Amino acid sequence: MKLFDSHCHLDDKDYDPDLEAVIDRAREAGVNACMVVGTTTARSRKAARIAAEHDGIFASVGLHPHDAASGSDEVIDILRDLARSNPKVRAWGETGLDFNRMYSPQNDQEKWFARQIAEAAACDLSLIFHERDSRGRFLEILKSDLAPGQTGVVHCFSGNKKELTAYLDLGLYIGITGVITVKSRGEDLRQLVRHIPDDRLLVETDAPYLTPTPERNRYKRNEPAFVKTVFLKLADVRQQDPEVLAPIIWDNTCRLFKI
């Protein structure tokens, strides 16, 4: 099986001491590719550098909603230049709305979310979306601002059936994390993944966060190798043969990111 961790943060400082070992463990686990997701200009630069230096590693550039208060035309210019100058940059994001912790004001989040949707379209890049407790605004902006044919993935999907249907109707992909392996927290997700078409599924770790079970009982830090656990649980919940589902999800990820 070939697996693609469609969302991880290998640019996180936690990986600085052993990044090469982390990548080696991923390959040993059958994780042949990873998307390192940018969240600020500095972290997008680092993600792009890591991708440029390693086979099978790709990067995205973006401004996370937590950091939207730092948004500016200069920030967008830097991200655009990164996207256009590095062929390993294959997506734009992580961008979206997060009204849970409100690290940035709502107006800033919405302004720079809409701006990044437009920039992604101009760069011909798919989007990596973050949504949490946006009370419908995330979908409103998607419906009004997505260009015809523009697509992306709802990273770490945690919504309800109505939201899932709306995302699928917009042509979006759905990213499944280690939450699916957690007994109580993952129950709703395990019910909903049965309703996602095969050709819209992606798997991800969000490493170093959201370590799946049983690894979370042994390791504090998540890493791309553990996406195999996410994938096997997903196949089990959907009652699909892993050998059949793996190439489908691989193809989905490569198609989305134009790899």
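Before any of the text, the structure's been laid out above.
Conventions adopted
- Residues numbered from 1 in each chain as written.
- Predicted model: local features only at pLDDT ≥ 70, side-chain atom pairs only at ≥ 80, totals over all residues.
- Heavy atoms only, no water.
- Disulfide = S-S within 2.5 Å.
- Buried < 20%, exposed > 50% of the residue type's maximum accessible area, 1.4 Å probe, protein only.
- Helix = DSSP H or I, 4+ residues; strand = E, 2+ residues; numbered from the N terminus.
- Contact = heavy atoms within 4.5 Å.
- Polar contact = N/O pair within 3.5 Å; in protein donor to acceptor, adjacent residues only side chain to side chain.
- Phe/Tyr/Trp six-rings, centres within 6.5 Å; stacked < 30°, edge-to-face > 60°.
- Salt bridge = Lys/Arg side-chain N within 4 Å of Asp/Glu carboxyl O.
- Core = buried A, V, L, I, M, F, W, Y, C linked by side-chain atoms within 4.5 Å.
- Patch = residues over 30% accessible without salt bridge, like charges linked within 9 Å, V, L, I, M, F, W, Y side chains within 5 Å.
- Areas by Shrake-Rupley, 256 points an atom, 1.4 Å probe, with all protein chains shown as cover.
- Lys, Arg positive; Asp, Glu negative; His and termini not counted.
- Charge placed at Lys NZ, Arg CZ, Asp CG, Glu CD.
- Pairing = 2+ DSSP bridges.
- Right-handed = clockwise from strand over helix to strand, strands pointing away.

**Thoughts on the state of the cysteines**
Okay, so step 1: The full count for this structure, using the stated rule, is zero disulfides.
Okay, so step 2: We note that Cys 156 lacks a disulfide partner, and the nearest cysteine sulfur, in Cys 8, lies 14 Å from it.
Okay, so step 3: Exposure remark for Cys 156: the relative accessible area of 18% places this residue in the buried category.

**Describing helix H6 (residues 161-169)**
Okay, so step 1: Considered for burial, the residues of H6 that qualify are Leu 164, Ala 166, Tyr 167 and Leu 168.
Okay, so step 2: Buried positions along H6 lie against strand E5 (126-132), helix H5 (137-145), strand E6 (152-154), strand E7 (173-176) and helix H7 (187-192).
Okay, so step 3: Where H6 begins, the capping side chain belongs to Asn 160, and its oxygen is found 3.2 Å from the backbone nitrogen of Lys 162.
Okay, so step 4: Positive phi shows up at Gly 171, right after H6, with a value of about 85°.

**Regarding the packing of aromatic side chains**
Okay, so step 1: Enumeration according to the criterion identifies nine aromatic pairs in this entry.
Okay, so step 2: Pairing Phe 4 with Trp 250 gives two aromatic rings, centres 5.6 Å apart and planes at 50°, and the pair type is tilted. Taken as a pair, Phe 4 in strand E1 (residues 3-8) and Trp 250 in helix H9 (residues 242-256) lie far apart in primary sequence, 246 residues in all.
Okay, so step 3: Owing to a relative accessible area of 2%, Phe 4 belongs among the buried residues under this scheme.
Okay, so step 4: An angle of 85° between the planes, with centres 6.1 Å apart, marks the rings of Phe 113 and Phe 129 as edge-to-face. On the criterion of sequence distance, the pair formed by Phe 113 in helix H4 (residues 106-122) and Phe 129 in strand E5 is long-range, its members being 16 residues apart.
Okay, so step 5: Given the relative accessible area of 1%, Phe 113 is considered buried.

**A closer look at the pattern of salt bridges**
Okay, so step 1: According to the stated counting rule, one finds 17 salt bridges in the structure shown.
Okay, so step 2: A salt bridge links Arg 115 to Asp 73, with the shortest nitrogen-to-oxygen separation between them at 2.9 Å. With Arg 115 in helix H4 and Asp 73 in helix H3 (residues 73-85), this pair connects stretches of sequence that are 42 residues apart.
Okay, so step 3: Between Arg 190 and Glu 187 there is a salt bridge, and its shortest N-O distance comes to 3.1 Å. On the criterion of helical spacing, the pair formed by Arg 190 and Glu 187 is a turn pair, its members being three residues apart in helix H7.
Okay, so step 4: For Arg 190, a relative accessible area of 11% puts it in the buried group.
Okay, so step 5: Here the salt bridges share partners, and the residues they tie into one network are Asp 73, Asp 77, Arg 80, Arg 115 and Glu 119.

**Some words on the nonpolar core**
Okay, so step 1: Trp 92, Ile 174 and Ile 176 are the most contacted members of the largest nonpolar core, which totals 68 residues.
Okay, so step 2: When neighbours within four sequence positions are excluded, Ile 176 is seen to be in contact with Leu 189, Val 193, Ile 196, Leu 201, Leu 202, Val 203, Glu 204 and Val 230.
Okay, so step 3: Phe 4, Ala 33, Val 37 and Val 153 belong to the second-largest nonpolar core, a separate cluster that totals 14 residues.

**Overview of a positive patch on the surface**
Okay, so step 1: Taken together, the side chains of Arg 101, Arg 132, Arg 185 and Arg 216 make up a positively charged region of the molecular surface.
Okay, so step 2: Here Arg 185 is to be found in the loop between E7 and H7.

**Overview of the pairing of E5**
Okay, so step 1: Of all seven residues in E5, six are buried, a share of seventy percent or more.
Okay, so step 2: Where strand E4 (residues 89-98) and E5 come together, six bridges link them in parallel fashion. Bridging across to E5, Trp 92 finds its partner in Leu 127.
Okay, so step 3: Note on the crossover from E4 through H4 to E5: the handedness is right-handed.
Okay, so step 4: In this structure, E5 lies alongside E6, joined through three bridges in parallel fashion. Following the sheet pairing, Leu 127 is matched in E6 by Gly 152.
Okay, so step 5: Read from E5 through H5 to E6, the crossover connection turns out right-handed.

Any link to function would need more than the numbers given here.
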